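Letter by letter, the chains look like this.
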Amino acid sequence: MAWWFQRTPAPPTITDANGHLRIFDYAQHLGGKSTKHALLSYLPHAVAAGVRGEPTVRFSNEGIAREWPRVLNELGYSVDIVGWDDKTFVPTRNYDLIILHGARTFANIYQPLSQKPPLIHFLTGTYWRFNNKEEEARLASFAERHGVTVPKDRYIAVNEDPVNEAAKGIIILGNQRIRQTFDKYPTVEVINNASYPDDHFIKTTKDYGEAR
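Note that the structure is a prediction, hence the values are computed from the model and not measured.

## Topic: the overall build of the protein
For step 1, the next point in the chain: In terms of helices and strands, the protein carries nine helices and eight strands.
For step 2, the next point in the chain: Evaluated residue by residue, the protein yields a buried proportion of 42% over its 212 residues.
For step 3, the next point in the chain: Residue pairs in contact within the protein that sit at least 24 positions apart in sequence constitute 54% of those at least 6 positions apart.
For step 4, the next point in the chain: Total accessible area on the protein stands at roughly 13,000 Å², and carbon and sulfur atoms take up 53% of it.

## Focus: the pattern of salt bridges
For step 1, the next point in the chain: Evaluated as defined, the whole model comprises six salt bridges.
For step 2, the next point in the chain: A salt bridge links arginine 93 to aspartate 80; the nearest nitrogen and oxygen atoms lie 3.8 Å apart. Of the two residues, arginine 93 sits in the loop between strand S4 (77–83) and strand S5 (97–100) while aspartate 80 sits in strand S4, which places them 13 residues apart along the sequence.
For step 3, the next point in the chain: Among the ionic pairs, arginine 129 bridges to aspartate 161, the shortest N-O distance being 3.3 Å. Linking arginine 129 in helix H6 (residues 128–146) with aspartate 161 in helix H7 (residues 161–166), this pair joins segments that are 32 residues apart in sequence.
For step 4, the next point in the chain: Owing to a relative accessible area of 7%, aspartate 161 belongs among the buried residues under this scheme.
For step 5, the next point in the chain: Taken together, the shared-partner salt bridges in this structure form one network comprising Glu67, Arg70 and Glu74.

## Looking at H6
Within an α-helix, residues lying three or four positions from one another point in the same direction, as the helix has 3.6 residues per turn.
For step 1, the next point in the chain: Taking 1.5 Å per residue as the helical rise, H6 with its 19 residues ought to reach 27 Å, and the 27 Å between its terminal C-alpha atoms agrees with that figure.
For step 2, the next point in the chain: Every buried residue belonging to H6 is among Trp128, Asn131, Asn132 and Glu135, and all of these are buried. Looking straight down H6, one finds that the buried residues subtend no more than 95° of arc, so they occupy a single side. Exposed positions of H6 whose direction lies more than 90 degrees from the buried face are Lys133, Glu144 and Arg145.
For step 3, the next point in the chain: Where H6 is buried, its residues contact H7.

Conventions and cut-offs
- Residues numbered from 1 in each chain as written.
- Predicted model: local features only at pLDDT ≥ 70, side-chain atom pairs only at ≥ 80, totals over all residues.
- Heavy atoms only, no water.
- Helix = DSSP H or I, 4+ residues; strand = E, 2+ residues; numbered from the N terminus.
- Buried < 20%, exposed > 50% of the residue type's maximum accessible area, 1.4 Å probe, protein only.
- Contact = heavy atoms within 4.5 Å.
- Areas by Shrake-Rupley, 256 points an atom, 1.4 Å probe, with all protein chains shown as cover.
- Salt bridge = Lys/Arg side-chain N within 4 Å of Asp/Glu carboxyl O.
- Expected span 1.5 Å × (residues − 1).
- Arc of directions from axis to C-beta.

These values are about where atoms sit, not about what they do.
Laid out in C-alpha cells, this is it:
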C-alpha cells in the first residue's frame, strides 16, 4: 500500500522555517477537495522521502507514516505533519482532528488549545507503565546473570496517561496481549500487522529428521 506514494505525481508541499511539513494535501492535488484539516504528529521525514521518490526501507513505521495522510485525504482532510517528538511546533490554525504518537508533543500541541478537536493516540507497543516495568525486569535479570549494567533502551520517560485520557480513541499495533495492557482504557483498537499470509510460499516436504 505504501507504494501508492510513488505511483502518483508528487503533490505540492510547504515547509515552514522550522522544517514542519505544511500543507500535505494529496486529495486536492489529485482533483479532490479537502474540507477539513488534520494534524499528524509522527514521522514527517518518511512521508517527505516518499514524496521525493527516494527509496526507503518499508518497515512498518515508514509505510504507516505514509498511509496516514493518504487515508486522511480520502476522508476529506488536508494534513499537516510534524515530528512525534517536535516540541517547537505550536498550532496556528484550527484542526478538526489531531493524531499524536506518544506524549512528547501533547503539552505544546494539544493542551494549549481552547477548543480541543477529537484526538487519536497512535501507539506501536504496550502500555507505557507495563513497558517500563518489563524493561527494568529484563535489565535487572541481565545484570544478575552477567554482572554488567546496561543503559535503558526503550524506556518511556514521558507520562502517556494524559494523552490516553484525552483521546477519543487509542490505536495500537499489536495483538490482544498488548491490548490487555491497556485494559483501563475502553476505546482501544488493535491492528495486528505482525505478519501476512504468503500465497507464493512453496511448502517443503523436507524430512528434517533425516536431514539431521
